[in-house]
Amino acid sequence: MPAQNPFGRVLTAMVTPMTPDGAIDEAGVRAVARHLVDTGHDGIVVNGTTGESATLTSAESIEAVRLVADEVGDRAAVIAGVGSNNTAHSIAMLQAAADAGATGLLVVSPYYNKPTQPGLIAHCHAIADATELPIMLYDIPGRTATPFATDTLIELAKHPRIRAVKDAKGDLAASVRVMRETDYLWYSGEDALNLPLLALGATGVVSVVGHVCGREHAELVAAVDAGDLARAREIQNRLVPAVDAIMTTSQGAIMAKAAMVELGVIEHPTVRLPLVEGPPEHLEILRRGLAASGLTGGAA
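Residues numbered from 1 in each chain as written. Predicted model: local features only at pLDDT ≥ 70, side-chain atom pairs only at ≥ 80, totals over all residues. Heavy atoms only, no water.

- Going by the annotation in an unreviewed UniProt entry, the name recorded for the protein chain is 4-hydroxy-tetrahydrodipicolinate synthase, with Marihabitans asiaticum given as the source organism.
- Under the heading Catalytic activity (unreviewed entry), UniProt records this for the protein chain: "L-aspartate 4-semialdehyde + pyruvate = (2S,4S)-4-hydroxy-2,3,4,5-tetrahydrodipicolinate + H2O + H(+)".
- Its UniProt record gives the protein chain a comment under Subunit (unreviewed entry), which states: "Homotetramer; dimer of dimers." (UniProt positions renumbered as here; feature names shortened; annotations may be inferred.)

Pasting the structure below:
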């Protein structure tokens, strides 16, 4: 990636394929990584929420990074999710991820222990001071209960290695203010808001639905760059059935894995407890959604 953007513009938080007995499917990890790069991605997030990072061991998380970096690291940025609610653990993970080939890091706000905003700043500074890799913050208070406040994001932008934000907060007014007052690379982390955020100045997307529509997301970004909002709306509207099927039927990781099976990228949709595979009726919703968005029959 160019020095001014070490993350890429079209990214997906990739699933972590597993065998039926719950082990990491190494061939499947490589296959998904190839599929993403072959369908328009210039960056991949490994060990994000969709990668079931909460139920991977530290060793499994680092192995996933190694596999992806080995398979496509010469073709795309490899962003390793290393955020946790334990600052020391995040630092240990980022060092191991860098050794495994990560080119950037994703750091979510600490969950469950609900730090204050000064604590959140100290957490991010400690992580950023422990690495030379560029960092993307991940703001998703619906999962963590700890938002990055607007003033906190503006303060964190002063650190030279805190370069980007994955925005899944859903507060467009706050996003505009931070983009106006910082030089963050800004990414939509909510597929339903990809076009609004791009139109407001976002750099790109970190998607879940991108598992099945990388080319379309690349076209969406290009259309906004060109000022062709009519074309951008056409693309976003066409993807609504797929977004609904993957993101609202049950849970993103479950349905994204099922979609990868439907497209023949991986063999098994296995997820780890407390997640469970979708029932047949959910798979039928998925199939209809993919078809309605024109993503079946090799169009992904």
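## So, helix α1 (residues 26-38)
Right, on to step 1. In this model α1 runs 18 Å from its N-terminal to its C-terminal C-alpha over 13 residues, within 8% of the 18 Å that 1.5 Å per residue would give.
Right, on to step 2. Burial in α1 covers these residues: G28, V29, A31, V32, A33, H35, L36 and V37.
Right, on to step 3. Where α1 is buried, its residues touch β1 (10-13), β2 (43-46), α2 (58-72), α9 (210-225) and α12 (252-262).
Right, on to step 4. Once α1 ends, the next one or two residues include G40, with phi positive near 105 degrees. (Helix = DSSP H or I, 4+ residues; strand = E, 2+ residues; numbered from the N terminus. Expected span 1.5 Å × (residues − 1). Buried < 20%, exposed > 50% of the residue type's maximum accessible area, 1.4 Å probe, protein only. Contact = heavy atoms within 4.5 Å.)

## A closer look at the UniProt feature "active site" (unreviewed entry) in the protein chain
Right, on to step 1. Under the feature "active site" (unreviewed entry), the UniProt entry names Y138 and K166. Over a stretch of 29 residues, the named residues converge on one spot in the fold, their C-alpha atoms separated by at most 4.7 Å.
Right, on to step 2. By the element assignment, Y138 lies in strand β5 (residues 135-139).
Right, on to step 3. Overall, the relative accessible area of 6% leaves Y138 in the buried class.

## So, the UniProt feature "site: Part of a proton relay during catalysis" (unreviewed entry) in the protein chain
Right, on to step 1. Residues annotated in UniProt with the feature "site: Part of a proton relay during catalysis" (unreviewed entry) correspond here to T49 and Y112.
Right, on to step 2. Within the secondary structure layout, T49 lies in the loop between β2 and α2.
Right, on to step 3. Residue class for T49 comes out partly exposed when judged on its relative accessible area of 27%.
Right, on to step 4. Residues contacting T49, with those up to four places away along its chain left out, are Y138 and R143.
Right, on to step 5. Looking at the secondary structure, you find Y112 in the loop between β4 (104-108) and α4 (117-129).
Right, on to step 6. Taking relative accessible area as the criterion, Y112 reaches 75% and is therefore assigned exposed.

## A few points about unusual backbone geometry
Right, on to step 1. Residue P274 is bonded to the preceding L273 through a cis peptide linkage, with omega at 15 degrees.
Right, on to step 2. In this fold, P274 is placed in the loop between α12 and α13 (280-292).
Right, on to step 3. For K114, which is not glycine, the phi torsion reads 50 degrees and is therefore positive.
Right, on to step 4. Tracing the sequence through the fold places K114 in the loop between β4 and α4.
Right, on to step 5. We note that A145 has phi near 70 degrees; this positive angle belongs to a residue other than glycine.
Right, on to step 6. Within the secondary structure, A145 sits in the loop between α5 (141-144) and α6 (150-156).

## Concerning the packing of aromatic side chains
Right, on to step 1. Across all of its chains, the model carries two aromatic pairs by this definition.
Right, on to step 2. Both rings, one in F7 and one in Y187, keep their centres 6.4 Å apart while their planes meet at 80 degrees; by these two values the pair is edge-to-face. Separated by 180 residues along the polypeptide, F7 in the segment before β1 and Y187 in strand β7 (residues 185-188) bring together distant segments of the chain.
Right, on to step 3. On the basis of relative accessible area, Y187 is assigned to the buried category, the value being 0%.
Right, on to step 4. A cation over an aromatic ring shows up here: K166 above the ring of Y138, its NZ or CZ 4.0 Å from the ring centre. (Phe/Tyr/Trp six-rings, centres within 6.5 Å; stacked < 30°, edge-to-face > 60°. Lys NZ or Arg CZ within 6 Å of the ring centre and 35° of its normal.)

## Observations regarding α2
Right, on to step 1. If you check α2, its first and last C-alpha atoms are 21 Å apart, about what 15 residues at 1.5 Å a residue would give, namely 21 Å.
Right, on to step 2. When we look at burial in α2, the residues that qualify are E60, S61, I62, A64, V65, L67, V68, A69 and V72.
Right, on to step 3. As for α2, its buried residues are in contact with α1, β2, β3 (77-81) and α3 (87-100).

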